[in-house]
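Spelled out, the chains give:
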Amino acid sequence: MPTLTIAGLGPGHIDQLPLGTFRQMKEHPCIWLRTQQHPMVKDLAAEEIEFESFDDLYDRLDSFEAVYETIAETLLKMAEEKDVFYGVPGHPNVAEESVRLLVEKAESNGAVQLEILPAMSFLDVMFPLLSNDPVAGFQLLDGLRLEQTPPDTNMDVIITQVYDQMIASQVKISLMNHYHDEQLITVIQRAGILEKQEVHLIPLYELDHLKDLDELTSIYIARVDRFSKIHYNMNHLLDILERLRGVDGCPWDKEQTHESLRPYLVEESQEVLDAIDGGNDEELCEELGDLLLQVVFHSQIAKERNAFVMSDVINGIAQKIIYRHPHVFGDEKADSIEDVKKIWDHRKAEEKKG
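Residues numbered from 1 in each chain as written. Predicted model: local features only at pLDDT ≥ 70, side-chain atom pairs only at ≥ 80, totals over all residues. Heavy atoms only, no water.

**Some details on the overall build of the chain**
(1) Moving on: For the chain, the count of helices and strands is 14 helices and 10 strands.
(2) Moving on: For 354 residues, the compact-globule estimate of 2.2 N^0.38 gives 20 Å, and the C-alpha radius of gyration of the chain, at 27 Å, exceeds that figure by more than 25%.
(3) Moving on: Dimensions along the principal axes, computed over C-alpha positions, put the chain at roughly 80 × 50 × 40 Å.
(4) Moving on: In the chain, of all internal contacts separated by at least 6 residues, the share reaching a separation of at least 24 is 61%.
(5) Moving on: Taken as a whole, the chain presents about 20000 Å² of accessible surface, with 52% of it coming from carbon and sulfur.
(6) Moving on: Side chains of the chain give 32 positive and 66 negative charges; the mean places of these two sets differ by 6 Å. (Helix = DSSP H or I, 4+ residues; strand = E, 2+ residues; numbered from the N terminus. Rg over C-alpha atoms; globule rule 2.2 N^0.38 Å. Contact = heavy atoms within 4.5 Å. Areas by Shrake-Rupley, 256 points an atom, 1.4 Å probe, with all protein chains shown as cover. Lys, Arg positive; Asp, Glu negative; His and termini not counted. Charge placed at Lys NZ, Arg CZ, Asp CG, Glu CD.)

**Description of the sheet that holds strand 6 (residues 138–142)**
(1) Moving on: Pairing in this open sheet of 5 strands is mixed, and the strands run 6-7-10-8-9 from one edge to the other. Each having just a single partner strand, strand 6 and strand 9 (198–203) make up the two edges of the open sheet. Neighbour-to-neighbour, the strand axes of the sheet open up by a mean angle of 20 degrees, direction not taken into account.
(2) Moving on: Summarising the sheet, strand 7 (residues 156–160) and strand 10 (residues 217–221) pair through 3 bridges and their orientation is antiparallel. Residue pairing for strand 10: I158 is matched across the bridge by Y220. (Pairing = 2+ DSSP bridges. Axes fitted to C-alpha atoms, helices over the stretch in contact; angles between N-to-C directions.)

**Side note on the sheet that holds strand 5 (residues 113–117)**
(1) Moving on: An order of 3-2-4-1-5 is seen for the 5 strands of this open sheet, with the pairing classed as parallel. Of all strands in the sheet, those bounded by a partner on one side alone are strand 3 (52–53) and strand 5.
(2) Moving on: Where helix 4 (residues 64–79) meets the sheet, its contacts fall on strand 1 (3–8), strand 2 (31–33) and strand 4 (84–88), and the angle it forms with strand 4 comes to roughly 155 degrees.
(3) Moving on: Across the face of the sheet, helix 5 (residues 97–109) comes into contact with strand 1, strand 4 and strand 5 while running at roughly 145 degrees to strand 4.

**Details of the domain arrangement of the chain**
(1) Moving on: According to the domain assignment, the chain contains domain 1 (3–120), domain 2 (124–221) and domain 3 (234–352).
(2) Moving on: Computed from C-alpha atoms alone, the centre-to-centre distance between domain 1 and domain 3 is 49 Å. (Domains from an automatic or database assignment.)

**With respect to the packing of aromatic side chains**
(1) Moving on: Counting across every chain of the model gives 7 aromatic pairs.
(2) Moving on: With 6.2 Å between their ring centres and 25 degrees between their planes, F64 and Y68 make a pair best called stacked. Highlighted residues: F64 and Y68, both in helix 4, separated by 4 residues, approximately one helical turn.
(3) Moving on: Look at F64 and you get partly exposed, because its relative accessible area is 25%.
(4) Moving on: On the basis of relative accessible area, Y68 is assigned to the buried category, the value being 6%.
(5) Moving on: Joined through ring pairs, the aromatic side chains of Y58, F64, Y68 and Y163 make up one cluster. (Phe/Tyr/Trp six-rings, centres within 6.5 Å; stacked < 30°, edge-to-face > 60°. Buried < 20%, exposed > 50% of the residue type's maximum accessible area, 1.4 Å probe, protein only.)

**A word on a nonpolar patch on the surface**
(1) Moving on: A cluster of nonpolar side chains, L292, V295, F308, V313 and I314, forms an exposed patch at the surface whose accessible area comes to about 340 Å².
(2) Moving on: Overall, L292 belongs to the partly exposed group, its relative accessible area being 33%. (Patch = residues over 30% accessible without salt bridge, like charges linked within 9 Å, V, L, I, M, F, W, Y side chains within 5 Å. Salt bridge = Lys/Arg side-chain N within 4 Å of Asp/Glu carboxyl O.)

**A closer look at the side chain of Q300**
(1) Moving on: One can find Q300 in helix 11 (residues 281–304).
(2) Moving on: Reaching out from Q300, the side chain makes a polar contact with the side chain of E304 at a distance of 3.0 Å.
(3) Moving on: Those residues within four positions of Q300 in sequence are excluded, and the remaining contacts are L238, L241, E242 and R245. (Polar contact = N/O pair within 3.5 Å; in protein donor to acceptor, adjacent residues only side chain to side chain.)

**Remarks on the UniProt feature "domain: NTP pyrophosphohydrolase MazG-like" (unreviewed entry) in the chain**
(1) Moving on: Under the present numbering, the feature "domain: NTP pyrophosphohydrolase MazG-like" (unreviewed entry) in UniProt falls on residues 256–329.
(2) Moving on: A helix fraction of 80% and a strand fraction of 0% characterise residues 256–329, whose end C-alpha atoms lie 39 Å from each other. (UniProt positions renumbered as here; feature names shortened; annotations may be inferred.)

Here you go:
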């Protein structure tokens with residue numbers, strides 16, 4: 001069976017290329033690189049290693065998704081007839097979409113054998129430049145997909161694919177939905193290539209002011225104190241309630257019970273109804289927040305009693321909604337509201353039996 005060898009080329013310096021990978025490249029008759037936009041390519045050429053690349057696809061196709069899909073299909077087709085060597089920047093399994101697609105397609109194809117040769121990733125040369133220890137946890141994000149996968153400000157965040165000013169501008173705008181404009185960020189360029197490596201500590205609003213961004217540019221943002229954020233999510237709200245009920249919290253909040261909060265639950269529910277009747281979206285948003293506070297408050301009290309936690313509340317309602325909507329999340333059909341009601345009532349009855 002032909003072999004498709006997938007190898008990482010490391011962060012960019014030939015001294016960081018694994019010896020075994022270098023030896024294979026010196027002897028392999030069919031080498032393809034995802035891109036020649038990598039500092040080591042000139043060193044490979046100097047070693048008289050012959051290769052071709054897929055750089056033309058980036059100009060011809062409309063999206064990165066189309067590029068990576070085409071690369072995967074092309075390589076697998078070639079590898080059905082002969083051994084092929086495919087080189088990618090960094091580590092093949094770190095932020096490398098074309099490799100993920102190749103592995104996925106090769107498993108269903110069955111006609112090609114894969115061999116993956118690891119290498120240093122850009123993370124290996126970035127962390128020595130940072131003050132944090134990755135064991136504390138971090139989030140690795142694609143700068144081109146921040147809208148689909150937003151940053152978690154509770155964690156250290158590393159963002160890749162910030163390769164020009166246009167992308168940097170888009171990344172900046174996305175990040176400003178989660179961080180203050182003056183949030184300090186670390187921009188690391190060409191990490192591990194000592195003669196060209198640069199590290200900039202700048203406020204977020206200056207990100208797209210940098211002039212020499214390229215394919216080897218990444219951003220690091222340290223985690224933000226949980227009570228000093230520009231935007232908060234459900235986890236932050238849970239932290240706030242826990243703090244209010246804690247030893248150094250608010251005397252009034254610490255004294256509340258399920259029973260003492262009953263009048264507020266009724267009051268906030270009525271105010272939501274009044275906001276709906278008034279047709280004021282801003283008021284409705286605020287009142288829904290007040291009502292949500294009551295749900296979180298009761299969950300925090302229950303947590304202290306070892307009864308249940310907020311995640312149990314969320315998990316329970318999510319499971320219930322999915323179970324009662326098999327026409328959306330399953331194979332059942334519902335062509336009318338009457339059909340939906342029948343399904344709902346049947347599922348509800350089944351739940352009660354259980």
